[in-house]
Amino acid sequence: MRRFYLVAILLASVGCERIEPDEAQSPLRPSEEIPALMKVHARVDETRTSLGGPRGTEVRWSAGDAIALWGEDSPACRRYAIDDRFAGGTSADFTGEAFESAVYYACYPYRPDAVAEGAGVTTLPAVQPFGGSGTFAAGISPMTARSTRADDLRFTSVCGVVRLQLTGTATIRSIRLTALDGAPLAGRMRFEWTAAGGWTIRSVDAGHPSILLDCGAGGAALSGGDPVVFCLVVPPGSYRGWRFTITDTEGGQMVRETSQAEVVLAANHIKTYNPIAYAATEPAPVALDASATANCYVVARAGRYEFDATTMGNGAVTPPDAAYTAGSTCGKADGIVPEALRPVTAKLLWQTAPNLIGEVSLGEEGRIRFTTADPFVEGNAVVAACDADGAILWSWHLWLTSADLEGALHRYALPYEGLGAAAVMDRNLGALAAAWQGSDNVSSYGMFYQWGRKDPFVPFRSSQERMAVYDAAGAELADDTAASAAFDAAPGWHLADGERLGAAATMEAAVRYPMNFITEIPESTGASYPNWYYVAAGDRLKDDLWGCTDALSDVGAKSIYDPCPPGYRVSHRFVWTAFAPTADAPFSQWYKQGTNVSANDGLVFTVEGQEIYYPAAGMLFGTTGAARFTKNGWYVWSASPYAPDSPKAGAFVLETIQKKLLGSAARSCGAQVRCMKE
């Protein structure tokens, strides 16, 4: 959708958000009938005193736009696509599946989960792209409509806009807006119609306490003359003032707060602040989440860093797969919906060297800040965000390595039609080396993960010796090898006995206790399937924890539990078909024993002229948490279930029992991860 300022303000335009491929309707199956179609007519009905007219923006439809439509008598969400002949106008025809209702409801932009419990649902993103001076970006500001006629849908904005005007000579990289009273500014929002009050919108979860206006790597240049106008879309409400944290492209930062007088921002209205002269007052910490949020961040050099602690992983919704659920007796894909986090404190859980990480703190805008050792020391660490009682809400892996991970990617074609080429890291997630390191090879092993969990476990130097980790004071943490019937929040590694935990072993518990390895819950406890989390009788395994649902054809997408850094994801099962074309191949014809690799320390593969090393890091046995096959083989997880109706997950395996490269493992096992580009 395009918004045009009138000549008195600025001529600027941005297109409405186009529907990405994963948001589009699934192709029809042969057994399905083609539904009858219906045409609806929609127009934008903004007022001259708010977003439209000479002081605001006119809102126009664009090619590729889509709206969600449902009815009072038919709450199912339907996607209606624009007739592109109407692009550029304030009125347009849209076409979708036909249905009848006494009252029609619609929202823009379209999203597949736009209806929940009869009301509309949308998400205000915590990161908004800069749409140009004096306007906001496409698809950011939601609009709604209600009508008794499908040919007369009148859309109006349900949010407001805060406008900040800046002068100066710097180039602005980003602007963070925080409500001084901690009110939620982003997250999942519910909007509904009442006859008395019209449209209302409110947060349905804890919400994010700040939003970031991202001006991109090139930034937005201030001219020194007329101010550049930055627009941030926020939910309507009563606020007690704002904090603007403004960062420039040179790493400088300025913080300005308004008075704490009440600010009432109505839906469909703009609050404009007088121009501010920008001048950096302090260096800005490096934002690790500048490109995206994730459960792991790569830190490449000494310095001050920060990242968002209000978002679960990458914040993505993993949609349910109804067809998969109906067709499987074992796995299921109910979908995963993240919730906004509201931490009160932050702390360091562990680090692989004393003083690797300096002071860890939590800002009022919900961002964790920390410093590294200077001079820089490579290693791994985990920091956590906690509630007022100190309980862990979420935790993040910090991978401190100066390696050029992007430049060292291995790229090779996959022997399946439509999959193209893979781009895979040259080392396991958390590894500090991509080649054999001699007798002390543990730095090439990388972290261990139970399938579907986001939190790392450090590798073992041998079958008896786990790599040491330390607390914030530099004291070595304990390694408790005795399985307990309860989760343990004390610092150190713990074994949680799945058999005695039973139904208490859940994904939520795994998130809260990231240093607890949960041993396999046997079927003798009444569980439907053996796993590290309890599968109740009659229930089925969750196959989509890492984003894949189908072992045979689905490559999936990154989920909130994916342990890889921004831009990467857990590899799907097809990545290793370039090494071994079939699961029954005992060894690939492309592997060789590296001349500088001990017979017990891994293998080197030659694929398309690239030498790719997989270290013999072994695995953690799912029933005991003990290390097995260290220096004799490896298990590397894929994001994919192993096979239809199997309680195992697919893995790239070399060990003395299986003797094959494309294999599987019980999901309770601990194995390595090698990340691929998304």
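This report concerns the structure included in the present document.

Conventions adopted
Residues numbered from 1 in each chain as written. Predicted model: local features only at pLDDT ≥ 70, side-chain atom pairs only at ≥ 80, totals over all residues. Heavy atoms only, no water. Helix = DSSP H or I, 4+ residues; strand = E, 2+ residues; numbered from the N terminus. Buried < 20%, exposed > 50% of the residue type's maximum accessible area, 1.4 Å probe, protein only. Contact = heavy atoms within 4.5 Å. Areas by Shrake-Rupley, 256 points an atom, 1.4 Å probe, with all protein chains shown as cover. Disulfide = S-S within 2.5 Å. Pairing = 2+ DSSP bridges. Core = buried A, V, L, I, M, F, W, Y, C linked by side-chain atoms within 4.5 Å. Polar contact = N/O pair within 3.5 Å; in protein donor to acceptor, adjacent residues only side chain to side chain. Salt bridge = Lys/Arg side-chain N within 4 Å of Asp/Glu carboxyl O. Phe/Tyr/Trp six-rings, centres within 6.5 Å; stacked < 30°, edge-to-face > 60°.

Another point: the overall build of the protein. If you tally the helices and strands in the protein, you get three helices and 53 strands. Each of the 678 residues in the protein was classed as buried or not, and the buried ones make up 55%. Summarising the internal contacts of the protein: among those between residues at least 6 apart in sequence, 65% fall at separations of at least 24. Total accessible area on the protein stands at roughly 26800 Å², and carbon and sulfur atoms take up 50% of it.

Our next topic: the state of the cysteines. Per the counting criterion, the structure on display carries one disulfide. Sulfur-sulfur distance for the disulfide between Cys564 and Cys675 comes to 2.2 Å. The S-S bond linking Cys564 to Cys675 shows a torsion near -90 degrees; that makes this disulfide left-handed. Of this pair, Cys564 sits in the loop between β42 (541–542) and β43 (568–570) while Cys675 sits in strand β53 (residues 675–677); the two residues are 111 residues apart in sequence, bridging distant segments of the chain. Here Cys564 matches Cys675 in class, with each residue buried.

Moving on: the environment of Phe86. Turning to its location among the elements, Phe86 is positioned in the loop between β5 (78–82) and β6 (91–97). Sequence spacing of Phe86 and Ser62 is 24 residues, and the spatial spacing of their C-alpha atoms is 7.8 Å. Phe86 has contacts with Ser91, Ala92 and Asp93, leaving out every residue within four places of it along the chain.

What follows concerns the sheet that holds strand β16 (residues 198–203). What holds strands together in a sheet is hydrogen bonding between their backbones, with the strands either parallel or antiparallel. Across the sheet, four strands lie side by side as β8-β9-β15-β16; this open sheet has antiparallel pairing. On the outer flanks of this sheet lie β8 (115–116) and β16, each paired with one strand and no other. Bridging between strand β15 (residues 187–194) and β16 involves six bridges; their strand directions are antiparallel. Following the sheet pairing, Glu192 is matched in β16 by Thr200.

Once that is clear, we can look at the nonpolar core. A general trend in soluble globular proteins is that nonpolar side chains are found buried together. By size, the foremost hydrophobic cluster in this structure holds 95 residues, and its most contacted members are Trp350, Trp396 and Trp637. The next biggest cluster of nonpolar side chains, apart from the first, holds 30 residues, and it includes Leu177, Val228, Leu232 and Tyr278.

Let us look at the side chain of Lys332. Here Lys332 is to be found in strand β30 (residues 331–332). Among the polar contacts made by the side chain of Lys332, one reaches the side chain of Asp539 at a distance of 2.6 Å. In this view, Lys332 contacts Tyr324, Thr325, Asp539, Arg540, Leu541, Lys542, Asp543 and Asp544; residues no more than four positions away in its chain are not counted.

Moving on to the pairing of strand β11 (residues 143–147). On any regular strand, side chains alternate: one points to one face of the sheet, the next to the other face. When you tally the buried positions in β11, you get four out of five residues, the bulk of the element. The pairing of strand β7 (residues 104–108) with β11 spans five bridges and is antiparallel. When the bridges of β11 are listed, Cys107 appears paired with Thr144. Bridge count for β11 against strand β12 (residues 153–157) is two bridges, and the pairing is antiparallel. Its bridge partner lying in β12, Met143 is registered against Ser157.

To continue, consider the pattern of salt bridges. Within this structure, the stated rule accounts for 24 salt bridges. Close ionic contact of Arg243 with Glu364 constitutes a salt bridge, the shortest N to O distance being 2.7 Å. One end of the pair, Arg243, is in strand β21 (residues 242–248); the other, Glu364, is in the loop between β32 (357–362) and β33 (367–372), with 121 residues separating them in the sequence. Overall, Glu364 belongs to the exposed group, its relative accessible area being 62%.

Attention now moves to the packing of aromatic side chains. For any two aromatic rings, the description comes down to two numbers: the centre-to-centre distance and the angle of the planes. Under the defined criterion, the tally for this structure stands at 31 aromatic pairs. Summarising the aromatic geometry, the rings of Trp193 and Trp199 are spaced 5.7 Å apart at their centres and angled 75 degrees between planes, so their arrangement reads as edge-to-face. Centre to centre, the rings of Phe457 and Trp493 are 5.6 Å apart; their planes meet at 40 degrees, and the pair counts as tilted. Placement of Phe457 in the loop between β38 (449–450) and β39 (479–484) and of Trp493 in strand β40 (residues 493–496) is noted, with a sequence separation of 36 residues between them. The pair Phe457 / Trp493 is uniform in exposure class, with both members buried. Counting every residue linked through ring pairs, the aromatic cluster contains Trp70, Tyr105, Phe191, Trp193 and Trp199.

Geometric descriptors of this kind do not, in isolation, establish any biological role.
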